[in-house]
Amino acid sequence: MILYILCLVLFLVGVYGVISKKNLLKIIISFGIISYAVNLFLILIAYRRDGIFPIYEKGANPKVLVDPLPQGMVTTSIVVELAFTVLLVSIALRIYEKYKTFDITKIRRLKG
Amino acid sequence: MIAPYFVLIPLVAAFLITLFSRKKKNVAVCLAIFAGIALLILGIVSFVLVSKADGPLLYTLGNWKIPWTINFVLDYFTSFMLITIGIIALASLVFSINYMTRYTELWKFYTLFMLMLAGMNGFVITGDLFNLFIFMEIALIAAYALVGFGCEAEELEAAFKYTVIGSLSSIFVLLAVGILYAITSTLNMADIGHNIISNRGFILYFVYGLLLTGFGLKAAIVPFHAWLPDAHSSAPAPVSAMLSGVLIKTLGIYALIRVFYHVFSISTTVLNLFLILGAITLLLGVLMAKLQFDFKRLLAFHSISQIGYIILGLGLGTPLGILGAVFHLFNHSIFKSLLFLNAGSVEYATGTRDLREMGGLGKQLKPAAVTSMIASLSISGIPPFNGFFSKLIIILAAFQAKQFIFALVAALGSILTLASFLKVQRYVFYGDPHGIERKCEKLPLCINGSMIFLAVLCVLSVVLILPGIKELILDKVVETIQNRQVYLNIISGGQL
């Protein structure tokens, strides 16, 4: 249980970072922390005590296996988050070219 | 065997466009238009097939049994959404033939557009909760890139905002999917619907909250709406038409309906929440729109307000309310994309989006003036056009459900919308010309064609509500949404 709570804390740290940080790069890093927390959560729900990897071997007769499906989900979501991060960083770089700053309080041409 | 082609065609088109169009410029346009036409035809064919079978059609990848496979489900509601996406995508693609010529690297635009289309179609037809997340990401990543396509300062700023908020909401959805998997040990939506035990108490409400936040952010329901005006007004006009016309509805409204009506059985708590959020969204959107002087930004705020109508109709929970919501969903996607295309054509001709700098354009841009008049009358609910009927149904449904305050709010929102669009008409197409420089005297053929196509649809879609045709299409969709058991039964059988 303590692991789940720590995982939630990690998630909230990330959300806090995205909401309150002023620097574009720090926002991107906070977003990474949120993704780590969610991936950790998916791995945690797949974990079984004393479970081994779910690959069939001749002769072996394991009693408890870990759940392989969330592991597959994690690899997929890592790829998705890679795409997000690359996109975010490239947009941040182009923003720096235009505004000469990473500070979001100075990047405010849109209003209304 | 029709279901996979909805994802396959745009994906293959995107691949071929990147492969061939660096050398030959026209290949990209031709491939994209061809894919758009094929998807629209397939959408209509799928509706006919579903009508023939009179129930959901199931397609399982690799013929595996259901809990272990990825499955696609076609039912009335899915086909209805697919047709809507097809119509708007085709109109936007035809519009962008001329409009996008002022940008460079056009093959990238068409590739991203096709990827967005693949994501949206996949999102609609999938029957698997994790695949829902994946297709959502495909559509969203393409949409982020398209919002920032022009690479001007404002566009990049809007794209960054949209990316951060959008991906945050996606992470919420992923967390909810993980918790649902932990509860039910399955990812199939119908299977989850079977296995979910409604009195799980706290944890289920946590999932409700996560999903409502995640999809509510996509649909721009009011506490989560801040990104929409920036993103939708900064994108190129055909992309705005796509985003406002169908993206917020597929990723937001469709997902809310699918998850809350089919996966969980709808509860009065959620319905009341929908009602209140819908009413707030409706009023706040239209009030904010009245303050705007940027043409596209004004339209974006109206998108928020119209989403409020749809959520309000859903929240009533009666068949009539859902009918109004579904019909308004279709109507709004048509007239709102038409309005965005109008804004794009005015921008094409004059180079500005500020209402105060325009004036007297009605004579020069005759097709844009006429079609935008039709769209304005539709969105503000003036009788012969489609918007009137869907709003009337929602208001009647509110009266029928004895929610008089919400009926009053819906009527008030409609009046404020009319006032706002009278302002647009007066500033842009009537009044004195301010002598702004015009980039071209007449609009090109493709821009006019796509606008007239949508304007004709604005009038024609009234047919959907006529007795006789209503039973064939809209009533079936409403029945599909209401009847959860039919969706859950696909697990035990299904054809195609």
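Use the structure listed above.
Note that the coordinates shown come from a computational prediction; the quantities given were computed from them, not determined experimentally. (Residues numbered from 1 in each chain as written. Chains lettered and ligands numbered in written order. Predicted model: local features only at pLDDT ≥ 70, side-chain atom pairs only at ≥ 80, totals over all residues. Heavy atoms only, no water.)

**Q** Could you give an account of the overall build of chain A, with specific residues and numbers?
**A** When helices and strands are counted, chain A shows 3 helices and 0 strands. N-terminal to C-terminal, the α/β element order of chain A is α-α-α. Relative to a compact globule of 112 residues, whose C-alpha radius of gyration would be 13 Å, chain A shows 20 Å and is clearly more extended. Long-range contacts, defined as pairs at least 24 residues apart, comprise 50% of the intrachain contacts of chain A with a sequence gap of at least 6. (Helix = DSSP H or I, 4+ residues; strand = E, 2+ residues; numbered from the N terminus. Rg over C-alpha atoms; globule rule 2.2 N^0.38 Å. Contact = heavy atoms within 4.5 Å.)

**Q** Outline the pairing of strand β1 (residues 57–60) of chain B, supporting the account with residue identities and numerical values.
**A** Residue and element names in this part refer to chain B. Neither face of β1 is left uncovered, since the one carrying Leu-57 and Tyr-59 and the one carrying Leu-58 and Thr-60 both have all their residues buried. When β1 meets strand β2 (residues 71–74), the two strands line up antiparallel, connected through 4 bridges. When the sheet's bridge partners are listed, Leu-58 is paired in β2 with Val-73. (Buried < 20%, exposed > 50% of the residue type's maximum accessible area, 1.4 Å probe, protein only. Pairing = 2+ DSSP bridges.)

**Q** Run through the interface of chain A and chain B, naming residues and quoting values.
**A** Contact residues are listed per partner, giving 36 residues for chain A and 34 residues for chain B. Approximately 3,200 Å² of surface area, both sides summed, lies buried where chain A meets chain B, with 82% of it carried by carbon and sulfur atoms. On the surface where chain A and chain B come into contact, there are 0 salt bridges. Linking chain A with chain B are 4 residue pairs in polar contact (both at pLDDT 80 or more), by the criterion used here. For the side of chain A that touches chain B, the secondary structure elements donating two or more residues are α1 (2–20), α2 (24–46) and α3 (68–99) of chain A. For the side of chain A that touches chain B, a count of residues per class yields 25 nonpolar, 4 polar and 7 charged. (Buried area = accessible area lost by both parts, 1.4 Å probe. Salt bridge = Lys/Arg side-chain N within 4 Å of Asp/Glu carboxyl O. Polar contact = N/O pair within 3.5 Å; in protein donor to acceptor, adjacent residues only side chain to side chain. Nonpolar A, V, L, I, M, F, W, Y, C, P; charged D, E, K, R; others polar.)

**Q** Give a detailed account of the packing of α2 of chain A against α3 of chain A, specifying residues and quantitative values.
**A** Interaxial distance between α2 of chain A and α3 of chain A falls to 10 Å at its minimum, and their mutual angle equals 175 degrees. For the element pair α2 of chain A / α3 of chain A, the angle class is roughly antiparallel. (Axes fitted to C-alpha atoms, helices over the stretch in contact; angles between N-to-C directions. Parallel < 35°, antiparallel > 145°, perpendicular 65-115°, else oblique.)

**Q** Provide a residue-level description of the side chain of Asn-39 of chain A, including the pertinent values.
**A** Residue and element names in this part refer to chain A. By secondary structure assignment, the location of Asn-39 is in helix α2. By relative accessible area, which is 8% here, Asn-39 ends up buried. Sequence-distant contacts of Asn-39, defined by excluding residues within four places in its chain, comprise Val-74, Ser-77, Ile-78 and Glu-81.

**Q** How would you explain the side chain of Ser-337 of chain B if you had to name every residue and give the values?
**A** Residue and element names in this part refer to chain B. Of note, Ser-337 is situated in helix α13 (residues 319–350). On the accessibility criterion, Ser-337 (1% relative accessible area) is buried. One polar contact links the side chain of Ser-337 to the main-chain carbonyl oxygen of Ile-334, over a distance of 3.4 Å.

**Q** Can you tell me about the nonpolar core, naming the residues and giving the values?
**A** The tendency in soluble globular proteins is for nonpolar side chains to be buried side by side. Residue and element names in this part refer to chain B. Among the nonpolar cores identified, the biggest contains 217 residues, and Met-114, Tyr-162, Phe-215, Leu-247, Phe-260 and Phe-264 are the most heavily contacted of them. For this core, the element with the highest residue contribution is helix α6 (residues 153–184), accounting for 19 residues. In contact with Met-114, other than residues within four places in its own chain, are Pro-10, Ala-13, Ala-14, Ile-17, Ala-32, Ala-35 and Leu-93. Core analysis: the next-biggest nonpolar cluster, separate from the first, contains 14 residues, Leu-316, Ile-394, Ala-398 and Ala-407 among them. (Core = buried A, V, L, I, M, F, W, Y, C linked by side-chain atoms within 4.5 Å.)

**Q** Break down the pattern of salt bridges for me, citing the residues and quoting the values.
**A** All names here are of chain B. On inspection of all chains with the given rule, the structure shows 12 salt bridges over all chains. Glu-347 is the salt-bridge partner of Arg-102, the closest N and O atoms lying 3.5 Å from each other. Taken together, the residues Arg-102 in the loop between α3 (76–99) and α4 (106–125) and Glu-347 in helix α13 connect sequence positions 245 residues apart. Under the relative-accessibility criterion, Arg-102 is labelled partly exposed at 41%. A relative accessible area of 11% places Glu-347 in the buried class. One salt-bridge network, in which partners are shared between bridges, spans Lys-161, Asp-230 and Arg-297.

**Q** Residue-level account of the packing of aromatic side chains, with values.
**A** Residue and element names in this part refer to chain B. Under the criterion given, the structure shown has 28 aromatic pairs over all chains. Both rings, one in Tyr-208 and one in Phe-264, keep their centres 4.8 Å apart while their planes meet at 50 degrees; by these two values the pair is tilted. In this pair, Tyr-208 is assigned in helix α8 (residues 202–219) and Phe-264 in the loop between α10 (237–263) and α11 (268–290), connecting sequence segments 56 residues apart. A single burial state applies to Tyr-208 and to Phe-264, both of which are buried. Taking the centre distance of 6.1 Å and the plane angle of 85 degrees together, the rings of Phe-260 and Phe-274 count as edge-to-face. Remark: Phe-274 occurs in helix α11 and Phe-260 occurs in helix α10; sequence separation between them is 14 residues. Grouping residues by exposure puts Phe-260 and Phe-274 together as buried. Across from the ring centre of Phe-293, 4.3 Å away, lies the NZ or CZ of Arg-356, which sits over that ring. Sitting above the plane of the Phe-293 ring, Lys-423 keeps its charged end 4.4 Å from the centroid. (Phe/Tyr/Trp six-rings, centres within 6.5 Å; stacked < 30°, edge-to-face > 60°. Lys NZ or Arg CZ within 6 Å of the ring centre and 35° of its normal.)

These results come straight from atomic positions and should not be treated as a statement about function.
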